[in-house]
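# Descriptive analysis of the structure
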Amino acid sequence: MNRRQFLARLGAGAAVTSAALAGCRPKGGAISGSGDGEIPTDKMTYRTNPRTGDKVSILGYGCMRWPTVNNGSARDNNDAIDQEEVNRLVDYAIEHGVNYFDTSPAYCKGRSEHVTGIALSRHPRNKYFIATKLSNFAPSTWSREASIAMYRNSLKELQTDYIDYMLLHAIGMGNNGMKEFEARYLDNGILDFLMAERKAGRIRNLGFSYHGDIAVFERALAEHDKYQWDFVQIQLNYLDWKHAKEINPRNTDAEYLYGELAKRGIPAVIMEPLLGGRLSKVHDHVAARLKQREPEKSVASWAFRFAGSFPGVLTVLSGMTYMEHLQDNLRSYTPLKPLTEEEMRFLFDTADLMMQYPTVPCNDCKYCMPCPYGIDIPGILLHYNKCVNEGNLPESRQAENYRKARRAFLVGYDRSVPRLRQADHCIGCNRCTHHCPQNIRIPQELQRINQFAEYLKQGLDLAPAIQKTK
Amino acid sequence: MLRKIRITLALVCLVLITLLFLDFTGTLHAWLGWLAKIQFLPAVLAMNAGVVAGLILLTLLFGRIYCSVICPLGVFQDVVSHISDMRKKKKYRFAYSPALSWLRYGLLAVFVIALVAGVGSFVALLAPYSSYGRIVQNLFAPVWQWGNNLLAYFAERAESYTFYRTEVWIRSLPTFIVAAVTFAIVTVLAWRGGRTYCNTVCPVGTVLGFLSRYSRFRITIDTRKCNTCHLCEKQCKASCIDASGHRIDYSRCVACMDCLETCTHGAIRYISVSKAKNEKSVREKPSVDKGRRGFLTGAGLLLGTAALKAQEKTVDGGLAVILDKKVPERKTPIVPPGAGSLQHLRQHCTGCQLCVSVCPNGVLRPSSDLGSLMQPESSYERGYCRPECVKCGEVCPAGAIGKISEAEKSSIQIGHAVWVKENCLPVTEGVSCGNCARHCPSGAITMVPMDAEDPASPLIPAVNESRCIGCGACENLCPSRPFSAIYVEGHLVHQTL
């Protein structure tokens, strides 16, 4: 589903590619070079890390979605990872100037570091930067010994004796973000240990990635003098810039997060530039609007250009499973054409428009899974979003497309999620909620979606079900 | 010409009735439902006097047209027999055999007694239309549904919502075996002896056969033209033409008109009695058949077969395993609203499986109990009796499940929910739940603290039985597996709240 939509999106680009290969350059090439088949190998935009002088490519490779032998993403299933394809992707990325690879002991169900290590070790160590994290989420790994063992294992799996960028992973997340931050990194002395490792040169840059409780972010920055953060990883995109708090009161607008970092001169590494794909799979109206401005560029390219346009951004991470993802992102960044002020305004208007559609801000990260009662939470939320984006969420029985939309919603629901795993089986135990980095009130959303499905099935008036829960 | 008309009409009826059983979307029955309602036995059980009178009149006028055009099991046998005919040197494979009247009338008598006594399972076993329904539902429908699922697979990849997946499952093993054995026996009998089943076992055939002796129009042999070549006798799938004696057993003739075209001398005509009064009068003799014994033994064995539920399951990597629900032990079976009472359903249902085929929620399945074998009953492991669905009542041709509106349905109490403390998650695991109360369409469940003194104690469901309609939403959506913490106990007589 994912890939097909992506390919469909790229369809135009691919046609142009083949045309270019055949030697007949399409007319109207003046608009921009990014629709072209040729991706230059020497045009990558680089940003300089003010602290170490590293020249970091603006496109960073996120290693959480490596492809599997069955052409899926290793984040979604347990199939074996396709090492050869990973090697190909890494080779292609390095060849085209990408030099930042971001992994974690938790990614791809614990297999990412190993696979990434194999692919990278085939290249000279000074050609790329490795970023990994201390992903001691489980209480069983909160002890000093377990956390250090996790760090040492990262070095081993990545076949290196130093880490370029080391992160405290997702601070602020959890039921009680502050308490978990303290338990994971402060009380056990792990942050001190990592700072010592930095001093010893085995960690070249130390930083953290942040989700959730803003107090933790503020505390970490308040103690910047003590910790000397070399970089910070935040979620930034044109929807979260001003609307993060609106989407969810527990989140913080990226404008504020970036501003705080810029104030202190801390380089920002950007995650979720596409908001888990929500900025590439947009409502038809939004897609049309973006395409109208730049017919030869992908919908996703806008999001990448947005994230890259901020000067304090060191690199923009993208978890690329398929060569087409990589190529499309390379087109956006070789070189990066920063957004003009007018284009920036256009994107903010687009964001305002997107906010009018009642999608659920699920990024399909699957941190909520597995639900103990077998509910396919992201499956349900994504189906709902898909219907919103495709205009299959009829507002009333009198709506013109009611019959067609009803069928698409209900038939598509059974296709995306087996009946036993649908929202009506959610008992509201709330065990999922605190795992969600987007702070979605999952049981309430599921019950709302179920109510909507129920109203469709019974052919009742839809008005009460369509309102978004705040 | 008469034969061609008969074949055309018969095939149309057969195909349409088959489609009626195959269609799981519930769209066809609005158009074709009448085909089920003109079937003889369902019409008798529904006390549909108009249809019964019409069929009797039809038979008294033209003979057993019903058997050769309307009855799907009869036409199905003709198809089998026709394929058998196409083998080399098998075109003229029949021969006259005397009727075995004691067996025919004996079976009819037992059948009528069973009907009056309300032994629905025996009635359902012999009823021809129902037998065919079971065969289609159990043997043909899975193939149809798999085909549909294949189309749905491609439709999904083409982003089309034209086809959707449907679940293929065996609803009741005994009924499946009954259907398979009936299919085997009927097919073998038809392959070898044409209409043996219709003229030996089928109670409807016997009743109509009795009437057709007096039919106005009938096949008549003109002895002046007949040279006793026996072609008609060898071609007669009912084995009712005694060419040597120029006699026809009208009780077994199904008015198929095959003999008309077979006779090379124009000695056979389909004419009225008065016109043929010069013809010789007809006598009949009993006939023997071997197949019936096999059928009855087979059926007897099946009644004793234990029920085994078919299970199918797919497990995905990132998802918790979900145990299949198991059927709780209900003291009284649940039957769909519209049935009125268990007794009414038992006495009127012919076990044709039309309601089972059309139930979109996986609720209805044939009973496996001896006394009600093959008759529908409800259970809520796969889905529940949803408020917007009244399909079973719309399709039932026998009046066993009456037609009701959605509004009526919401106030018919077919059972009541019973709470099982030892399965309830708030009690066993201390989590908050309330899914039964959240989904109860009649608001019969209130969540109350288990300990009346302590408002913070786990909330458990309190069922107000007087508001519960027994739809099974609570049972189906209860997270406790394999046995739900709340289940529905059926009622013998359905009340309107």
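Residue numbering note: each chain is counted from 1, following its sequence as written. Labels follow written order: the first chain is A, the first ligand is 1, and so on. With the structure being a predicted model, the display of local features is reserved for residues of pLDDT at least 70 and the display and counting of side-chain atom pairs for 80 or more, all residues being used for whole-chain, interface and lining totals.

### A look at the overall build of chain B
In terms of helices and strands, chain B carries 22 helices and 10 strands. Of all intrachain contacts in chain B linking residues separated by at least 6 positions in sequence, the fraction that spans at least 24 positions is 76%. Only DSSP runs of H or I reaching four residues or more are called helices, and only runs of E reaching two or more are called strands; each is numbered from the N terminus. Contact definition: two residues whose C-beta atoms, as placed from backbone geometry, lie within 7 Å.

### Here's the deal with the nonpolar core
Joined through C-beta atoms within 7 Å, a set of buried Ala, Val, Leu, Ile, Met, Phe, Trp, Tyr and Cys residues constitutes a nonpolar core. Residues with at least 20 neighbouring C-beta atoms inside 10 Å of their own are called buried, those with 12 or fewer are called exposed, and the rest are partly exposed, where every C-beta is derived from the backbone. Within the largest apolar cluster, 155 residues are counted, with the highest numbers of intra-cluster contacts made by Tyr-66, Leu-354, Cys-355 and Cys-474 of chain B. The leading source of residues in this core is helix α10 (residues 173-193) of chain B, at 7 residues. Ala-119, Ala-244, Ile-270 and Leu-274 of chain A belong to the second-largest nonpolar core, a separate cluster that totals 91 residues.

### Examining the environment of Arg-65 of chain A
Residue and element names in this part refer to chain A. Here Arg-65 is to be found in the loop between β3 (59-62) and α2 (83-95). Since 21 C-beta atoms lie within 10 Å of it, Arg-65 is described here as buried. As a C-alpha pair, Arg-65 and Met-320 span 255 residues in sequence and 6.4 Å in three-dimensional space. Those residues in contact with Arg-65 that sit more than four places away from it in its chain are Ser-73, Ala-74, Arg-75, Gly-319 and Thr-321.

### Looking at the interface of chain A and chain B
Contacts between the two partners involve 27 residues from chain A, matched on the other side by 20 residues from chain B. Residue assignment for the side of chain A that touches chain B shows that the elements contributing at least two residues are α17 (402-416) and α18 (442-458) of chain A. Examining the composition of the side of chain A that touches chain B, we find that 6 residues originate from one element, α17 of chain A, more than from any other. Under the grouping applied here, Gly and all other residues not named as nonpolar or charged are polar, the nonpolar ones being Ala, Val, Leu, Ile, Met, Phe, Trp, Tyr, Cys and Pro and the charged ones Asp, Glu, Lys and Arg. Of the residues that constitute the side of chain A that touches chain B, the class distribution is 10 nonpolar, 8 polar and 9 charged.

### A few points about the pairing of strand β10 (residues 313-319) of chain A
Residue and element names in this part refer to chain A. In terms of residue burial, β10 counts as a mostly covered element, since 7 of its 7 residues are buried. Strand pairing is assigned whenever DSSP detects at least two bridges linking the two strands. As paired strands, β3 and β10 are joined by 4 bridges and run parallel to one another. Pairing of Tyr-61 across the sheet is with Ser-318, part of β10. Bridge count for strand β9 (residues 268-271) against β10 is 3 bridges, and the pairing is parallel. Paired with Ile-270 across the two strands is Val-316, which belongs to β10.

### Concerning the packing of helix α1 (residues 2-22) of chain B against helix α2 (residues 29-37) of chain B
All names here are of chain B. Closest axis-to-axis distance for the α1/α2 pair is 9 Å, and the angle between their directions is 120°. Here α2 runs oblique to α1, going by the angle between their axes. The way α1 lies across α2 gives a crossing that is left-handed. Mapping the contact onto sequence places Cys-13, Leu-16, Ile-17, Leu-19 and Leu-20 in α1 and His-29, Leu-32, Leu-35 and Ala-36 in α2. Considering only residue class, the contact of α1 with α2 consists of 8 nonpolar, 1 polar and no charged. Lines fitted to C-alpha atoms define the axes here, with helix axes fitted over just the stretch in contact, and angles between the N-to-C directions of these axes take values from 0 to 180 degrees. An angle counts as roughly parallel when it lies under 35 degrees, as roughly antiparallel when it exceeds 145, as roughly perpendicular when it falls between 65 and 115, and as oblique in every other case. Handedness of a crossing is defined here by the sense of rotation of the near helix relative to the far one, left-handed for an anticlockwise turn of less than a right angle and right-handed for a clockwise turn.

### Re the sheet that holds β9 of chain A
All names here are of chain A. Strands sit in the order β3-β4-β5-β6-β7-β8-β9-β10 around a closed barrel of 8 strands; the barrel is parallel. Sheet twist, expressed as the mean angle between neighbouring strand axes with direction ignored, is 30°. Helix-sheet contacts for helix α13 (residues 299-308) involve β9 and β10, and the interaxial angle to β10 is about 155°.

### Re unusual backbone geometry
Between Thr-334 of chain A and Pro-335 of chain A the backbone carries a cis peptide bond, its omega angle lying at -10°. Position of Pro-335 of chain A among the secondary structure elements: in the loop between α14 (323-333) and α15 (341-355). That bond from Arg-481 of chain B to Pro-482 of chain B is cis: its omega, 0°, falls within 30 degrees of zero. Tracing the chain through its elements places Pro-482 of chain B in the loop between α22 (473-477) and β10 (486-496). Of note in the backbone geometry, Glu-272 of chain A takes a positive phi value of approximately 55° without being a glycine. Mapped onto the elements, Glu-272 of chain A comes out in the loop between β9 and α12 (284-293).

### Focus: the environment of Met-355 of chain A
All names here are of chain A. One can find Met-355 in helix α15. You can call Met-355 partly exposed: it has 14 C-beta atoms within 10 Å. Discounting chain neighbours no more than four positions away, the residues touching Met-355 are His-243 and Glu-246.

### Re the confidence of the model for chain A
All names here are of chain A. Per-chain confidence: chain A averages 86 in pLDDT, with 90% of residues scoring 70 or above. The predictor attaches a confidence to each residue, called pLDDT, with possible values from 0 through 100. Looking over chain A, one finds the lowest element-wise mean pLDDT in helix α1 (residues 2-21), namely 44, and the highest in strand β4 (residues 100-102), namely 97. Counting contacts from residues 3-35, a segment whose pLDDT is below 50, to residues more than four positions away or on other chains yields 37 contacts.

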